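Below, each chain spelled out in residue letters.
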Amino acid sequence: MADGPVVTDAREDSDRRGDAPGQGIDAALIEEALGGRLDAFNQLVIRHQDHLFALVYRLVPDRDQAADAVQEAFFSAYRNLASFRGGSVRSWLGRIAVNAAMDLQRTRRRRPVQPLPGIRGRELAAPGRGGCEPETKALAAERSKALSRALNDLPGDQRNCIVLFDVEGTTTRRLPRS
């Protein structure tokens, strides 16, 4: 147990430097993609698609629209690979995905769409996690529904702030007060 604080201190130092697991791999994949290797970008998509979907799905609580926003985010990232200035690829992709989700929300407000009959109220499970006990799945689904309802009741700007800060852990620099 004497090694516990050492490991924790090392992890905290790593977090302060901005190092994240896989960040070096992501940077190498960006470099390869910039060199014209499409497979490298495809590997980035595979590495980050679940995270981006989870992020966008909290902002746009419709699976199809969230998937569209994530797809648009990856298209945008590919078109703008040269604009990546280093740092966390995950954060860069997350910002692009959030922007795509916000664009989608603005478009939806301008052109509201009525859902198809019979689909309204149909809840779909998030991708990825399987193999849990039925009771655990049911509790997680109820918790997710309650969170979604609460987030949907908030104005868009507040919802985006909460999802980015609380759920995703995004922080911002504080500006000095004038």
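Everything below is about the structure printed above this text.
Residues numbered from 1 in each chain as written. Predicted model: local features only at pLDDT ≥ 70, side-chain atom pairs only at ≥ 80, totals over all residues. Heavy atoms only, no water.

Draft legend 1. Focus on the packing of aromatic side chains. Here the structure, examined in full by the defined rule, presents four aromatic pairs. Between Phe41 and Phe74, the aromatic rings sit 6.4 Å apart at their centres with planes inclined by 85°, giving edge-to-face as the arrangement. Here Phe74 lies in helix α4 (residues 63-79) and Phe41 lies in helix α3 (residues 38-59), a separation of 33 residues in the sequence. Ring geometry for Phe53 versus Tyr57: centroids 5.6 Å apart, planes at 10°, classification stacked. Of the two residues, Phe53 and Tyr57 are both situated in helix α3; the distance of four residues between them amounts to about one turn of the helix. Each member of the pair Phe53 and Tyr57 is classed as buried. (Phe/Tyr/Trp six-rings, centres within 6.5 Å; stacked < 30°, edge-to-face > 60°. Helix = DSSP H or I, 4+ residues; strand = E, 2+ residues; numbered from the N terminus. Buried < 20%, exposed > 50% of the residue type's maximum accessible area, 1.4 Å probe, protein only.)

Draft legend 2. Broad picture of the pattern of salt bridges. Counted according to the given criterion, the structure contains five salt bridges. Note that Arg47 and Asp26 form a salt bridge whose closest N and O atoms lie 2.6 Å from each other. With a gap of 21 residues between them, Arg47 in helix α3 and Asp26 in helix α2 (residues 23-34) connect regions that are remote in the sequence. Taking relative accessible area as the criterion, Arg47 reaches 37% and is therefore assigned partly exposed. Overall, the relative accessible area of 4% leaves Asp26 in the buried class. Between Asp103 and Arg106 there is a salt bridge; the shortest N-O distance is 2.3 Å. Here Arg106 and Asp103 lie together in helix α5 (residues 89-110), a separation of three residues that amounts to about one turn. Taking the relative accessible area as the measure of exposure, Asp103 reaches 40% and is therefore partly exposed. The network of salt bridges with common partners includes Glu32, Arg37 and Asp39. (Salt bridge = Lys/Arg side-chain N within 4 Å of Asp/Glu carboxyl O.)

Draft legend 3. Up close: the environment of Asn160. Checked against the element boundaries, Asn160 lands in helix α7 (residues 156-167). The exposure class of Asn160 is buried, given its relative accessible area of 7%. In this structure, the C-alpha to C-alpha distance between Asn160 and Met102, residues 58 residues apart in sequence, is 8.6 Å. If we ignore the near neighbours within four places in the chain, the residues touching Asn160 are Leu59, Met102 and Gln105. (Contact = heavy atoms within 4.5 Å.)

Draft legend 4. Region of the structure containing the packing of α4 against α5. Viewed as axis vectors pointing N to C, α4 and α5 meet at an angle of 130°, and their least axial separation amounts to 8 Å. With respect to α5, the axis of α4 lies oblique. Where α4 crosses over α5, the handedness of that crossing is right-handed. Where α4 abuts α5, its residues Gln65, Ala69, Ala73, Phe74, Ser76 and Ala77 lie against Trp92, Leu93, Ile96, Ala97, Ala100, Ala101, Leu104 and Arg108. Partitioning the contact of α4 with α5 into residue classes produces 11 nonpolar, two polar and one charged. (Axes fitted to C-alpha atoms, helices over the stretch in contact; angles between N-to-C directions. Parallel < 35°, antiparallel > 145°, perpendicular 65-115°, else oblique. Left-handed = near helix turned anticlockwise from the far one by under 90°. Nonpolar A, V, L, I, M, F, W, Y, C, P; charged D, E, K, R; others polar.)

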